[in-house]
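Inside the fold
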Amino acid sequence: MKLLLLGCNGQVGWELQRSLAVLGDVVALQRDASCNPQGLSGDLGDTPGLEDTITRVQPDVIVNAAAYTAVDRAEAEPDDSHQINALAPAVIARSATKTGAFVVHYSSDYVFDGGGDQPWQETDAPSPLSAYGRSKLAGDEAVARCPRHLILRTSWVYGVRGGNFPRTMLRLAQERDQLSVVSDQWGAPTSAALLADITAHCLHQLARNPALAGLYHCAASGTTSWHGYAQQLFQQARALGWALRATPDKVLPVSSSHYPTVARRPANSRLDCSRLQTRFGLRLPPWQQGLTHWLQSISESPSA
Ligand code: NDP
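What this report covers is the structure whose coordinates are included nearby. Each residue is numbered by its place in its chain's sequence as written, counting from 1. In keeping with the model being predicted, local features are shown solely for residues with a pLDDT of at least 70 and side-chain atom pairs are shown and tallied solely at 80 or more, while totals for entire chains, interfaces and linings include all residues. Side-chain measures were taken over the full set of non-hydrogen atoms in the model, leaving aside hydrogen atoms and water.

Now for the site of the ligand. Put simply, a residue is near a molecule or strand once any heavy atom of it comes within 4 Å of that molecule or strand. Lining the immediate surroundings of the ligand are 23 residues, of which R31, L44, T69, Y132 and K136 lie closest. Throughout this description, a polar contact denotes any pair of N or O atoms lying within 3.5 Å of each other; where both atoms belong to protein, one of them has to be capable of donating a hydrogen while the other can accept it, and for residues adjacent in sequence the pair is counted only when both atoms sit in side chains. In the model, a nitrogen atom of the ligand is placed 3.1 Å from a nitrogen or oxygen of the D43 side chain. Contact with the protein chains removes 79% of the 900 Å² of surface that the ligand exposes when unbound. The secondary structure listing takes helices from DSSP runs of H or I that are at least 4 residues long and strands from runs of E that are at least 2 residues long, numbered from the N terminus. Elements with a minimum of two residues in the shell around the ligand: α1 (11–19), β4 (102–108) and α5 (131–144). If you tally residues by element for the shell around the ligand, the top one is β4, at three residues. Grouping the constituent residues of the shell around the ligand by class yields 10 nonpolar, nine polar and four charged. In these tables, accessible area is a Shrake-Rupley quantity obtained with a 1.4 Å probe, and a residue counts as shielded only by the protein chains included in the view. In this classification, the charged set is Asp, Glu, Lys and Arg, the nonpolar set is Ala, Val, Leu, Ile, Met, Phe, Trp, Tyr, Cys and Pro, and all remaining amino acids, among them Gly, are polar.

Following this line, the structure appears as structure tokens:
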């Protein structure tokens, strides 16, 4: 099997380089063509380059881990966000339909408006609150038009590479005695490693049973708020020997109205992942477990 991986240096893309390797030859591309094999274009802003790459590589599977993920900046740059998150996935889906390739794509909890307190199901109507959410939804719709697709919709991703919430919290807890963290937004922190492992597992099964193709919610199990997430992080980090000034009880809960952001965020990002677990015979581990593993990984290499 030949796999084309786009966005190989992002949080999820980095883990996919590892997890997909068991399935076959992985051509891993990043935005900068000068870093890619044979000068292949991996830039989602370059439509002809992307089409040319797919034609030249002739992959059996295209895994798109590239995305415009600057949620607040997308409000000022909706065209850029739309190009990367909606138009480029449409190009990928069209090319894949022509060549018969399978497409894997990642969606976001931000396609929902965050109303209520029930976990969102795949059949629930999306209603994004932000430019980022609208661009992600348009990308989902484009990829879903390719007959052979897997869309994993996830939430609150963190990985060993790049900036993310737990890394920011650890830095702040080293600098300050006390922190205020939003306690009225709910979801499940999901590790990039878990998403990458599940992607490989699903592709392995899809090769035998193509009828499993479709959209699936995919997040670690359990629910917390950003506040509960920070408390759990500090508790675990201290147990591992991190010298943090802020203790878990010094994480103060605050309403999101205390932290106005440019883009509106959904309050309820809970995702019902039972379809994925039932159809693929998987168990999604508790979010705290992924956090433990992440902390152990970055404790060995704190500046990664
Ligand atoms: P990251 O921001 O860590 O990685 C995104 C990658 O996309 C980066 O490597 C970036 O490269 C690349 N990229 C951006 N623009 C382009 C472009 N024009 N051409 C090629 N590559 C580009 O994202 P994650 O790994 O966290 O996200 C993976 C997927 O999961 C995305 O689809 C995202 O929408 C989705 N998701 C993420 C969530 C999160 O909390 N992070 C939550 C829910 C869903 P560069 O470094 O060069 O900018």
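On we go from here.
To continue, consider the packing of helix α6 (residues 165–175) against helix α8 (residues 226–239). The relative placement of two packed helices comes down to the angle between their axes together with the axis-to-axis distance. Helix axes are fitted only over the stretch in contact, all axes being lines through C-alpha atoms; the angle between N-to-C directions runs from 0 to 180 degrees. It is the contact of α6 with α8, at a shortest axis distance of 10 Å, that shows an interaxial angle of 65°. The way α6 lies across α8 gives a crossing that is right-handed. Contacts between α6 and α8 involve F165, P166, M169, L170 and A173 on the former and, on the latter, W226, Y229, A230, L233, F234 and A237. When grouped by side-chain class, the residues that make up the contact of α6 with α8 number 11 nonpolar, no polar and no charged. Here a crossing is called left-handed whenever its near helix is offset anticlockwise from the far helix by less than a right angle, and right-handed whenever the offset is clockwise. A contact between two residues is defined here by any heavy atoms of the two lying within 4.5 Å.

A few words now on the pairing of strand β1 (residues 2–6). Whether a residue is buried, partly exposed or exposed follows from its accessible area with a 1.4 Å probe, protein chains only, as a fraction of its type maximum: under 20%, in between, or over 50%, in that order. Burial analysis of β1 places four of its five residues in the buried class, the great majority of the element. Bridging between β1 and strand β2 (residues 25–29) involves five bridges; their strand directions are parallel. Residue pairing in the sheet places L4 in a bridge with V27 of β2. Two strands make a pair as long as DSSP finds a minimum of two bridges between them. Summarising the sheet, β1 and strand β3 (residues 61–64) pair through four bridges and their orientation is parallel. By the bridge assignment for β3, L3 is matched with V61.

Let us now look at the side chain of D109. Counting through the fold element by element, D109 comes out in the loop between β4 and α5. For D109, which is buried and forms no salt bridge, the nearest opposite charge comes from R153, at a distance of 8.0 Å. A polar contact is formed between the side chain of D109 and the side chain of S108, at a distance of 3.3 Å. We treat Lys and Arg as the positive residues and Asp and Glu as the negative residues; His and chain ends play no part in the count. We define a salt bridge as a contact between a side-chain nitrogen of Lys or Arg and a carboxyl oxygen of Asp or Glu at a distance within 4 Å.

Two rings from Phe, Tyr or Trp (for Trp, the six-membered ring) form a pair when their centres sit within 6.5 Å of each other. Planes less than 30 degrees apart are called stacked, planes more than 60 degrees apart edge-to-face, and all others tilted. Across all of its chains, the model carries 11 aromatic pairs by this definition. Considering the side-chain rings of Y229 and W287, the 5.9 Å spacing of their centres and the 75° angle between planes classify their relative orientation as edge-to-face. A residue pair is termed long-range when its members are at least 10 positions apart, and Y229 in helix α8 and W287 in helix α10 (residues 287–300) qualify at 58 residues. You'll find Y229 and W287 in the same group, each marked buried. Among the aromatic side chains, those forming a connected cluster through ring pairs are W156, Y158, F165, W226, Y229, W287 and W294.

Time to look at the sheet that holds β2. Taken together, the six strands give an open sheet; going across it, the order is β2-β1-β3-β4-β5-β10, and neighbouring strands pair in parallel fashion. The open sheet has two free edges, formed respectively by β2 and β10 (214–217), since each of these has just one partner strand. Taken over all neighbouring pairs, the strand axes of this sheet differ in orientation by 20° on average, direction set aside. Here four bridges tie β3 to β4, and the two strands are oriented parallel to one another. Note that in β4 the partner of N64 across the bridge is H105. Its contacts with the sheet put α1 on β1, β2, β3 and β4, and the angle it makes with β1 is roughly 160°. Strand contacts of α5: β4 and β5 (149–154), with the helix running at about 155° to β4, the strand carrying the most contacts.

What follows covers the pattern of salt bridges. A complete count under the given rule lists eight salt bridges for this structure. Among the salt bridges present, the one from R153 reaches D140, with a minimum N-O distance of 2.9 Å. Here R153, found in strand β5, pairs with D140, found in helix α5; they are 13 residues apart in sequence, far enough to count as distant. Ionic contacts of the salt-bridge type, sharing partners, join the residues E15, R18 and D197 into one network.

Attention now moves to the pairing of β4. Side-chain direction in a regular strand flips from residue to residue, so the side chains alternate between the two faces of the sheet. Among the seven residues in β4, seven count as buried, and that is most of the element. Covered by surrounding structure in β4 are F102, V104, Y106 and S108 together with V103, H105 and S107, the residues of both alternating faces.

Glancing now at α1. Of the residues making up α1, those classed as buried are V12, G13, E15, L16 and S19. Taken down its axis, α1 places every buried residue within 165° of arc, on the same side. Considering only its buried residues, α1 is in contact with β1, β3, β4, β6 (157–158) and α7 (192–208). Our arc is simply the arc of the directions from the helix axis toward the C-beta atoms.

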